[in-house]
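Chains, contacts and geometry: an overview
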Amino acid sequence: MSDVESVPQVGPGEILPYAASRFPDKVGLVVGSRRLTYRELDALSRQVATALRRFGIGDGDVVSLYGQNSWQWIVSYHGALRAGAIVNPVNVMLTGPELEFVLSDCESKVVLAGADQAAVAVAAAHSVGSVEAVVTFGDAAPTNSLTFESFLANAGNEDLSSTDWAGPNALCSIGYTSGTTGHPKGAMQSQQSVLLNCAYTATMHGRTANDVVVTALPAPHVYGNVAVNSTFLVGGTVVLMERFDAAAALRLIEDERATMFEGVPAMYSMMIAHSAVDSADLSSLRVSTVGGQTFPPSLLDRWQRRTGKPMLELWGMTEIAGLGTTHTPHAPGVPGSIGVAMPGTELRIRALQDEGETSVGEPGELMIRGPLVMLGYYGNPEATAEVLQADGWLRTGDIATVDSTGHYFVVDRMKDMLVTAGYNVYPAEIERVVGGHPDVAMVAVGRRDDEVRGEIAVAYVVPRPGTSPTVESILDFCRERLAAYKRPRDVVFVSDLPKTSSGKLMRRKLSELDHADVVSLTNPLTAPSTQ
């Protein structure tokens, strides 16, 4: 079979066999001290597939993955797909009751869990009738579970992995939304949507077998999944951090001679603010990517000046299996923009007051259509109908604009918009400004009830180490750069900000910091962390 014929045609379960056929002895994954070649990754994922098959898992059964980044998580993801199963990547921050809901909702049959999550997984699985086994990645397994080693031992030498790949429109994965109100919803992704997102991401970012990608993005998150698997697709090397740490990330970029770093704004903010950033050797980088939330232009500029290489802003969501827009390394940058549409993808801006489209520069709801869009929400046709139109257009819930060159700009999430004295105020716009203050390491803007204005914006600021900004200095900075109705009316200094497992800011939890995590203005960064 030629290389052209062997290119993955159906789904992500083909990625590791494809990479192993081309780069068998090349290191594909580095996690801690463990370095796995593509031959080893292929063999381990095949072993997982066979073990699942021997356990009775067949085509269409759901396998849940609930753990921190690890090599076991990665080979289990691919092994489940190679067994013909549907993968359910679970946010590691979910509590027991939340996990119980997800496992029950998607009718999971097997849960593979990290060592730190094993006890929660066993307890949740005990309450869910569909779950037949819990496998833990640790050396010791809680009662009523198996260790990963003993689970793999059941595979033997026989290869029971599927060679008859499901069709491109078959269900591949069920990824649950964050569930900010009510229960989370399971976005169903097809084999085609997941594979194409990896392929298009690799293409738009110019990834090759020479790339070494350092990332701490959570593997269950679609951004993290695409960062890993788009690199596997081209035969590059993924250096996967179990958890993000600024000093460790800078060290890995230097030691592994990384060509790419992929992260969310908070990760870059922490690296830029770290004392090691000035001495770290970042010369091997050719590009960095950032997505997930607002990134102040001043921070983007600082990182680009420090590395001398472009940073690609991008946008995506669970409902499209990863990226929907991105910049490319060789095109002129448009700071503040999330880039252009992915190949084969249509975007438009729907007017907020009617179903028509907006004009250039006018805010409206971002809509997306194409092969990356989900099949719907699992077992929830009502929720599906609210966001997925009959003609294939998906409502994203993001307010955005587009310029004359086809570059898109996200203004904010519709649900995060607040109304101050009748004016629409977007927290992300304020964050972009406050984030440019020289004494600000990180910022998030929340809301507070006000008898006169209805709602006011409040900036929660993590000061840069060695600085002592004041409320007035932040407000003065905003006064010169924001219209009066957009300015925050108060500033709260904190040691950290509440974040999701992927590092995105959780604005709905900011009000909890008003009394719980306030930093003394004379001694910033001394209060206990919210994490």
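Quick note: structure is the one above.
Residues numbered from 1 in each chain as written. Predicted model: local features only at pLDDT ≥ 70, side-chain atom pairs only at ≥ 80, totals over all residues. Heavy atoms only, no water.

Within the protein one finds 16 helices and 26 strands. Evaluated residue by residue, the protein yields a buried proportion of 57% over its 531 residues. For the protein, the proportion of contacts with a sequence separation of at least 24, taken over those separated by at least 6, is 65%. Surface summary for the protein: the accessible area is close to 21000 Å², and the carbon and sulfur share equals 50%. Here the protein carries 41 positive and 59 negative side-chain charges, and the mean point of each set is 4 Å from the other. (Helix = DSSP H or I, 4+ residues; strand = E, 2+ residues; numbered from the N terminus. Buried < 20%, exposed > 50% of the residue type's maximum accessible area, 1.4 Å probe, protein only. Contact = heavy atoms within 4.5 Å. Areas by Shrake-Rupley, 256 points an atom, 1.4 Å probe, with all protein chains shown as cover. Lys, Arg positive; Asp, Glu negative; His and termini not counted. Charge placed at Lys NZ, Arg CZ, Asp CG, Glu CD.)

Glancing now at the environment of tryptophan 303. Mapped onto the elements, tryptophan 303 comes out in helix α12 (residues 297-307). Judged by its relative accessible area of 0%, tryptophan 303 falls in the buried class. In sequence terms tryptophan 303 and isoleucine 272 are 31 residues apart; their C-alpha atoms lie 7.0 Å from each other. Other than its neighbours up to four places away in sequence, tryptophan 303 contacts Leu250, Tyr268, Met271, Ile272, Leu282, Leu285, Ser288 and Met311.

Before going further, it helps to examine the sheet that holds strand β2 (residues 34-37). Strand pairing within a sheet occurs via backbone hydrogen bonds; the two strands may be parallel or antiparallel. With respect to topology, nine strands assemble into an open sheet ordered β2-β1-β11-β10-β12-β13-β14-β15-β16, the strand pairing being mixed. Looking along the sheet, the strands with just one partner apiece sit at the ends: β2 and β16 (340-341). Note that strand β15 (residues 322-326) and β16 share two bridges and pair antiparallel. Bridging across to β16, threonine 326 finds its partner in valine 340. Against the sheet, helix α4 (residues 71-82) contacts β1 (27-31), β2 and β11 (237-240), and its axis sits at roughly 135 degrees relative to β1. (Pairing = 2+ DSSP bridges. Axes fitted to C-alpha atoms, helices over the stretch in contact; angles between N-to-C directions.)

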